Amino acid sequence: MTTLQDTEFSRQFSAKLAGRRFPFSGQWELTCRCNLRCVMCYTDCFNTPDMIRQELSLAEIIRIMDEIQEEGCLELCLTGGEPLARRDFLDVYTYAKEKGFLVTVFTNGTLITEAIANHWFRCPPSMIEISFHGLTRESFERITQGPGSYERCLEGIRLIRERNLPLTLKTTGMTVNRDEVLKIKNFVEYLGTAGGKKVHYKFGAEIRSRLDGSENVYQHQLSAEEIDKIERADEDFWVERRRQDRLSAQRQLRGEGLCGGGHNKFHIDAYGQLQLCSGNRRQSYDLRHGSFQEGFYRFLPRFPCPYRQPLAQQELLSIETRRHPGTAKEGA
Ligand code: SF4
Ligand code: SF4
């Protein structure tokens, strides 16, 4: 999901915690605003003036961030919607850096300006992850529904690479781009050989219900067989698939479910609701009216997740298990 979670450091840190609950890593959906309207987007339905008015203010974000830091959190992923669509994004970002968090930014790349890239150069994030779902203008904008977004995204990528900032491009595989995924990966590899820092690449295929509950996004979803075919066609994808499966199996065997949601990870939505993860918003704790400490330690452990059944009740490593809705957000 974010930069630290799969590292040796993360594994050793988790071992030292010896199962103790600790808010190691958080994902924060700063806004549902976005300048694009991607066909599979689950936050777009709340990209309305009325919902935007209800989002956390900068003062509220700062107060909550202070509390998160006091509890020892190391890593924050700032996402959206499009986080750069918040006019105060750089204030939020800079404050997070000043508090000492390792900050990852998920963005669609189209709002990255010289000023933002220069700011990141002076005060760099741990990782910038840009959604890149199509290799040509036509396929890219068929997904984003934003005329000009292809060029703007490429310009954002150029600004980041020019400054040698850490960059990951990522693609959500869908019916509309299934034949392009491997070509996009080749393009990213080419970027890595064209000078400058290596550009990382992530492939996912997760589609989620929209936040208002509507499910018309699933028309774009690949079947399990189609995902399997893409992953088997590329050695890196297949190695990563098997690695993820092994990690899931180990977590299951340790009785930890599929993730650390509520145990050492958490999610906060644009309205200050603390949740287990971005894919499970069945229950929330309102950080506007309570403290992060109380929410994380007293409430999250009680929140339900249907994907946390005992091992025997799940088809361990089955495709359905792998495609549960709580993994990384693939869009910005
Ligand atoms: S997927 Fe990301 S870039 Fe696309 S509309 Fe949603 S928030 Fe914006
Ligand atoms: S949906 Fe998945 S990631 Fe989210 S809390 Fe449940 S098991 Fe964890």
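Residues numbered from 1 in each chain as written. Chains lettered and ligands numbered in written order. Predicted model: local features only at pLDDT ≥ 70, side-chain atom pairs only at ≥ 80, totals over all residues.

### Remarks on the overall build of the chain
Part 1 of the argument: Secondary structure summary: the chain contains 12 helices and 9 strands in total.
Part 2 of the argument: Relative to its full complement of 332 residues, the chain shows a buried share of 43%.
Part 3 of the argument: A sequence separation of at least 24 residues applies to 73% of the contacts in the chain between residues at least 6 apart. (Helix = DSSP H or I, 4+ residues; strand = E, 2+ residues; numbered from the N terminus. Buried ≥ 20, exposed ≤ 12 C-beta atoms within 10 Å, placed from the backbone. Contact = placed C-beta atoms within 7 Å.)

### Thoughts on the packing of helix H3 (residues 58–70) against helix H4 (residues 89–98)
Think of two packed helices as two axes; the pair is described by the angle between the axes and how far apart they sit.
Part 1 of the argument: Closest axis-to-axis distance for the H3/H4 pair is 11 Å, and the angle between their directions is 15°. In terms of axis orientation, H3 runs roughly parallel to H4. The interaxial crossing formed by H3 with H4 has right-handed handedness. Within the contact between the two elements, H3 uses Leu58, Ile61, Ile62 and Met65 and H4 uses Asp91, Val92, Tyr95 and Ala96. (Axes fitted to C-alpha atoms, helices over the stretch in contact; angles between N-to-C directions. Parallel < 35°, antiparallel > 145°, perpendicular 65-115°, else oblique. Left-handed = near helix turned anticlockwise from the far one by under 90°.)

### Section: the nonpolar core
Part 1 of the argument: Ranked by internal contacts, the top residues of the largest apolar core, which has 69 residues, are Leu76, Leu78 and Ala96.
Part 2 of the argument: With 5 residues, the single largest contributor to this core is helix H7 (residues 149–162). (Core = buried A, V, L, I, M, F, W, Y, C linked by C-beta atoms within 7 Å.)

### Considerations on the environment of Gly146
Part 1 of the argument: Relative to the helices and strands, Gly146 is located in the loop between helix H6 (137–144) and H7.
Part 2 of the argument: The spatial distance from the C-alpha of Gly146 to the C-alpha of Asn35 is 7.8 Å, given a sequence separation of 111 residues.
Part 3 of the argument: Excluding residues within four positions of it along the chain, Gly146 makes contact with Asn35, Leu36, Arg37 and Glu141.

### Side note on the pairing of strand E2 (residues 75–79)
Part 1 of the argument: Burial of E2 is extensive: 5 of the 5 residues sit out of reach of the surface.
Part 2 of the argument: The alternating pattern of E2 places Glu75, Cys77 and Thr79 and Leu76 and Leu78 on opposite faces, both of which are buried.
Part 3 of the argument: Sheet topology note: the strand E1 (residues 25–29)/E2 ladder contains 5 bridges and is parallel. Bridge pairing links Glu29 to Thr79 in E2.
Part 4 of the argument: As defined by bridge partners, E2 adjoins strand E3 (residues 102–107) across 4 bridges and the pair is classed as parallel. Along E3, the bridge assignment pairs Leu76 with Val103.
Part 5 of the argument: This β-α-β element, E2 to H4 to E3, shows right-handed connectivity. (Pairing = 2+ DSSP bridges. Right-handed = clockwise from strand over helix to strand, strands pointing away.)

### With respect to unusual backbone geometry
Part 1 of the argument: Here Gly80 and Gly81 are connected by a cis peptide whose omega angle stands at 25°.
Part 2 of the argument: Note that Gly81 resides in the loop between E2 and H4.
Part 3 of the argument: At Gln145, a position not held by glycine, the phi torsion is positive, near 55°.
Part 4 of the argument: Look at Gln145 and you get partly exposed, because 13 C-beta atoms sit within 10 Å.
Part 5 of the argument: One non-glycine residue with positive phi stands out, namely Asn164, at about 55°.
Part 6 of the argument: Its location among the elements puts Asn164 in the loop between H7 and strand E5 (167–172).
Part 7 of the argument: For Asn164, a count of 12 C-beta atoms within 10 Å puts it in the exposed group.

### Re the environment of Cys123
Part 1 of the argument: The residue Cys123 is located in the loop between helix H5 (114–122) and strand E4 (127–131) in this model.
Part 2 of the argument: Judged by the 13 C-beta atoms lying within 10 Å of it, Cys123 is partly exposed.
Part 3 of the argument: Note: C-alpha distance between Cys123 and Thr94 (29 residues apart in sequence) is 7.8 Å.
Part 4 of the argument: Apart from the residues lying within four places of it in its own chain, the contact partners of Cys123 are Thr94 and Lys97.

### Regarding the sheet that holds strand E7 (residues 265–268)
Part 1 of the argument: Strands sit in the order E6-E5-E4-E3-E2-E1-E7-E8-E9 across an open sheet of 9 strands; the sheet is mixed. Strands with a single pairing partner mark the edges of an open sheet, and in this sheet they are strand E6 (199–204) and strand E9 (285–286).
Part 2 of the argument: In the sheet, strand E8 (residues 273–275) pairs with E9 via 2 bridges, with the strands oriented antiparallel. From the neighbouring strand, Gln273 faces E9, where its bridge partner is Asp286.
Part 3 of the argument: Each of E5 and E6 is contacted by helix H8 (residues 181–193), which is oriented at about 165° to E6, the strand it contacts most.

### Things to note about H8
Part 1 of the argument: The end-to-end C-alpha distance of H8 is 19 Å, a good match for the 18 Å that 13 residues give at a rise of 1.5 Å each.
Part 2 of the argument: Where H8 is concerned, the buried positions are Val181, Ile184, Lys185 and Val188. Down the axis, H8 shows its buried residues gathered within 100° of arc, on one side only. In H8, the exposed residues that point more than 90 degrees away from the buried face are Tyr190 and Thr193.
Part 3 of the argument: Elements that come into contact with the buried residues of H8 comprise E5, E6 and helix H9 (224–232).
Part 4 of the argument: Remark: Gly195 follows H8 within two positions and exhibits a positive phi of approximately 95°. (Expected span 1.5 Å × (residues − 1). Arc of directions from axis to C-beta.)

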